Each structure stands twice: as C-alpha cells, then as structure tokens.
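Per-entry structural report
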Amino acid sequence: MAKNSARDIEVKAFATHHVITQPNPLRKVLRRVEEKDMDDPVGRAEQALAGLSSEFKDWMTTEANRLSAAYVAIRNEGFTKDRRDELFLAAHDIKGDAATFGFPAAAGIAESLCRVIEHAPDLERVPAELFTHHINAILAIVHDNTRLDSLTVSAELNRRLRKVADEYLAHANRDRPEHLEVILAPSIVPAE
C-alpha cells in the first residue's frame, strides 16, 4: 500500500486494479469524542455527525468542479475512454451522494447525465448543449442552494432536463430496443 502524505490518500492494489481511497473523516471525529461519551451511542452519533458536516461542507463544490473539469477536457480534446469514464464517475458520485448532502435536484440532474453517458450509442453525436445544460444546472444548484426560491427552480430544471435527455435517448436508441426499456424506466433518485 502506497501513501501520499501530502494529501493523505491511500492507494491499494487489488489484483491488477489500483483503488484510491480517501481517509475516513469519521475516524478523526470519533478520536475527538471524550472518554465519558464513549458509552453514550446517541451522543457519539450526534457528535460524529456534527463533525462530519464540517468535513463535507465543500464536498459538493469539489464534485461539481470535478464534473466541469472532466467536460472541459472532453470539449477541448474530444472523447476518449478515460475522459468518458471520468465524466461518468463525477456525475455518478454526485448522483449517489448529493441528496444526502442537501442537493436533491443536483442528484436528479446527475442521474439524467449518467443516463445520457451510459445509453447514447455514440457520445460524439450527442448535442454538446445536452451535456452543457446538465453541467451548468448542477453548478447553478450548488451555488444557489441557499436561496429559498431556488428549490422550485431546481426541481423544474431537473424535470425538463430529464425529459429532454429521455427524448434524445429514445430517438438515438430507436433501433436498439434492449436499451429502450432502461431509458424509459422511472428515475431511481428519490423525489424532492
């Protein structure tokens, strides 16, 4: 196992694959729990969650920037398997965790983007605007999430982007019926 001390990231080798893992911030929080609180599981959980909220306060901004950077690389240099994978993984990470961290509309839009990446027969032929609108919507949600009126706007943006993405995918896959069932399936991201 190699360790990069500057960023405290571990690289673990599994067979022929290398997996980069971030340190578990919960360990740091639990180390700060006083000995007298160790027998109080509710107190420990509350203290751990309070510590985690500060650990992850910039998480969504970091992930949105990662998504944007992946797409900029594609726009500048074209699709490759590695660039496609990075775009997909960034969107997938947002889809999986955004609702947990208070960005449910971003999760829905990231899911829609994942669907485009997964099911478009040829990513080079996907209109660039479809990618751009998804990414810009995620960035806007991240930056405007504190405004009360942004929740309604985000939900509508999510609904419209999903509709446009589904229409595009249904048309692009009209000769690939094995993909149509998946494309036309309802969202797996929880509703707001």
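Only a predicted model underlies this, so the values are computations on that prediction, with no experimental measurement involved. (Residues numbered from 1 in each chain as written. Predicted model: local features only at pLDDT ≥ 70, side-chain atom pairs only at ≥ 80, totals over all residues. Heavy atoms only, no water.)

**A look at the packing of aromatic side chains**
- Applying the stated rule across the entire model yields two aromatic pairs.
- With centroids separated by 5.6 Å and ring planes inclined at 35 degrees, the aromatic side chains of Y71 and F131 adopt a geometry described as tilted. Within this pair, whereas Y71 is found in helix 3 (residues 59–77), its partner F131 is found in helix 6 (residues 128–144), the two being separated by 60 residues in sequence. Note on accessibility: Y71 and F131 belong to one class, buried.
- Centre to centre, the rings of F79 and F131 are 5.8 Å apart; their planes meet at 50 degrees, and the pair counts as tilted. In this pair, F79 sits in the loop between helix 3 and helix 4 (81–97) while F131 sits in helix 6, placing the two residues 52 residues apart along the sequence.
- With relative accessibility at 1%, the residue F131 sits in the buried group. (Phe/Tyr/Trp six-rings, centres within 6.5 Å; stacked < 30°, edge-to-face > 60°. Helix = DSSP H or I, 4+ residues; strand = E, 2+ residues; numbered from the N terminus. Buried < 20%, exposed > 50% of the residue type's maximum accessible area, 1.4 Å probe, protein only.)

**Notes on the pattern of salt bridges**
- Taken as a whole and assessed by the stated rule, the structure comprises twelve salt bridges.
- When the shortest N-O distance is used, the salt bridge between R66 and E63 registers 2.9 Å. Taken together, the positions of R66 and E63, both in helix 3 and three residues apart, correspond to about one turn of that helix.
- Looking at R66, the relative accessible area reads 23%, which means it is partly exposed.
- Exposure remark for E63: the relative accessible area of 10% places this residue in the buried category.
- A salt bridge links E111 to R162; the nearest nitrogen and oxygen atoms lie 3.3 Å apart. Taken together, the positions of E111 in helix 5 (residues 104–119) and R162 in helix 7 (residues 150–172) put the pair 51 residues apart, joining distant regions of the chain. The pair E111 / R162 is uniform in exposure class, with both members buried.
- Several salt bridges converge on common partners, so that one network encompasses E63, R66, E86 and D93. (Salt bridge = Lys/Arg side-chain N within 4 Å of Asp/Glu carboxyl O.)

**Description of the nonpolar core**
- M60, L67, L87, I94, V126, F131 and I138 are the most contacted members of the largest nonpolar core, which has 39 residues in total.
- For this core, the elements supplying multiple residues, two or more each, are helix 3, helix 4, helix 5, helix 6 and helix 7.
- Broken down by element, the residue count for this core peaks at nine residues, all from helix 5.
- With residues near it in sequence (within four places) discarded, V126 still touches V116, A120, F131 and Y168. (Core = buried A, V, L, I, M, F, W, Y, C linked by side-chain atoms within 4.5 Å. Contact = heavy atoms within 4.5 Å.)

By themselves, these observations are geometric and do not establish any function.
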